[in-house]
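An overview of the molecular structure
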Amino acid sequence: MNLGFSNDYKLILENSRKEAIRHQNREIRPEHLLLALTEHPESKSFLLLKEATNDTSIYLLRSDLDNSIFENNVSAYNPENVNASSLTERIIKLSSLEARMLRSDIVDVEHLLLALFHNSEVQNMDFMKNFSDAGINYESIYNQLKTATESPVFGAGFTDEDDLEDDEIEIDIDIED
């Protein structure tokens, strides 16, 4: 199965590079991906996170994340040479696996979001604690996706085989007058 990447996905990758440059980091790290995913309130990723949280503001989580990156910035910076870290590259590859697992032909932002919250190394990073405390984790995001993509089932949910099995059952009913 050949997977394509959505325009939104490509935009998130571009915006994560801009975030790394804005923070004067030499690498695009997972926190830059997460900042890019939460940049626009009307985006699919922002709405998924908003639904997955237990009433914590995504704006507050994003602001805290942004501040923590500025506080922890210790790398030498060259805006011409900003590349993805090896961990970020693994997350991008994992997003393709998430898309395949969900039987999607296109890797989209929700797959990147799932990959971020699926990776155990990212989960152990300090910046993820606020998201975890807000109730946002792989399962909560996956459940939001599952709920959003479920289509209504028509009928009683029986298969033709179930119908054949019912034909074999004999029912004796005594009616007394």
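Above this note sits the structure.
Residues numbered from 1 in each chain as written. Predicted model: local features only at pLDDT ≥ 70, side-chain atom pairs only at ≥ 80, totals over all residues. Heavy atoms only, no water.

**Some remarks on the overall build of the chain**
Our working rule: Strands here mean DSSP runs of E at least two residues long; helices mean DSSP runs of H or I at least four residues long; both are numbered from the N terminus. A 1.4 Å probe rolled over the protein chains alone gives each residue an accessible area, and that area as a share of the maximum for its type sets the label: buried under 20%, exposed over 50%, partly exposed in between. Pairs of residues are marked as contacts when any of their non-hydrogen atoms sit within 4.5 Å. Shrake-Rupley sampling with a 1.4 Å probe provides the accessible areas, and residues are treated as covered by the protein chains on show and by no other component.
Counting its secondary structure elements, the chain contains 10 helices and 4 strands. Listing each helix as α and each strand as β along the chain from the N terminus yields β-α-β-α-α-α-β-α-β-α-α-α-α-α. Split into buried and exposed, the 177 residues of the chain put 38% on the buried side. Contacts in the chain between residues at least 24 apart in sequence constitute 73% of all its contacts with a sequence separation of at least 6. Element-wise, carbon and sulfur atoms account for 48% of the exposed surface of the chain, whose accessible area totals about 11,400 Å².

**Thoughts on helix 6 (residues 109-118)**
Of all 10 residues making up helix 6, 9 are buried, and the element is well covered by its neighbours. Residues of helix 6 that are buried include every one of Val-109, Glu-110, His-111, Leu-112, Leu-113, Leu-114, Ala-115, Leu-116 and Phe-117, and no others.

**So, the packing of helix 2 (residues 30-37) against helix 6**
The packing of two helices is summarised by the inter-axis angle and the distance between the axes. Threshold: As a rule, the C-alpha atoms of each element are fitted with a line to give its axis, helices using only the stretch in contact, and angles between N-to-C directions run from 0 to 180 degrees. Here roughly perpendicular refers to angles of 65 to 115 degrees, roughly parallel to angles under 35, roughly antiparallel to angles over 145, and oblique to all remaining angles. Note on convention: near helix rotated counterclockwise from far helix by under a right angle means a left-handed crossing. Clockwise means right-handed.
At a closest axis distance of 11 Å, the pairing of helix 2 and helix 6 adopts a crossing angle of 140 degrees. Relative to helix 6, the element helix 2 lies oblique. Helix-helix and strand crossings are classified by hand; for helix 2 and helix 6 the assignment is left-handed. Seen from helix 2, the contacting residues are Pro-30, Leu-33, Leu-34 and Leu-37; seen from helix 6, they are Val-109, Leu-112, Leu-113, Leu-116 and Phe-117.

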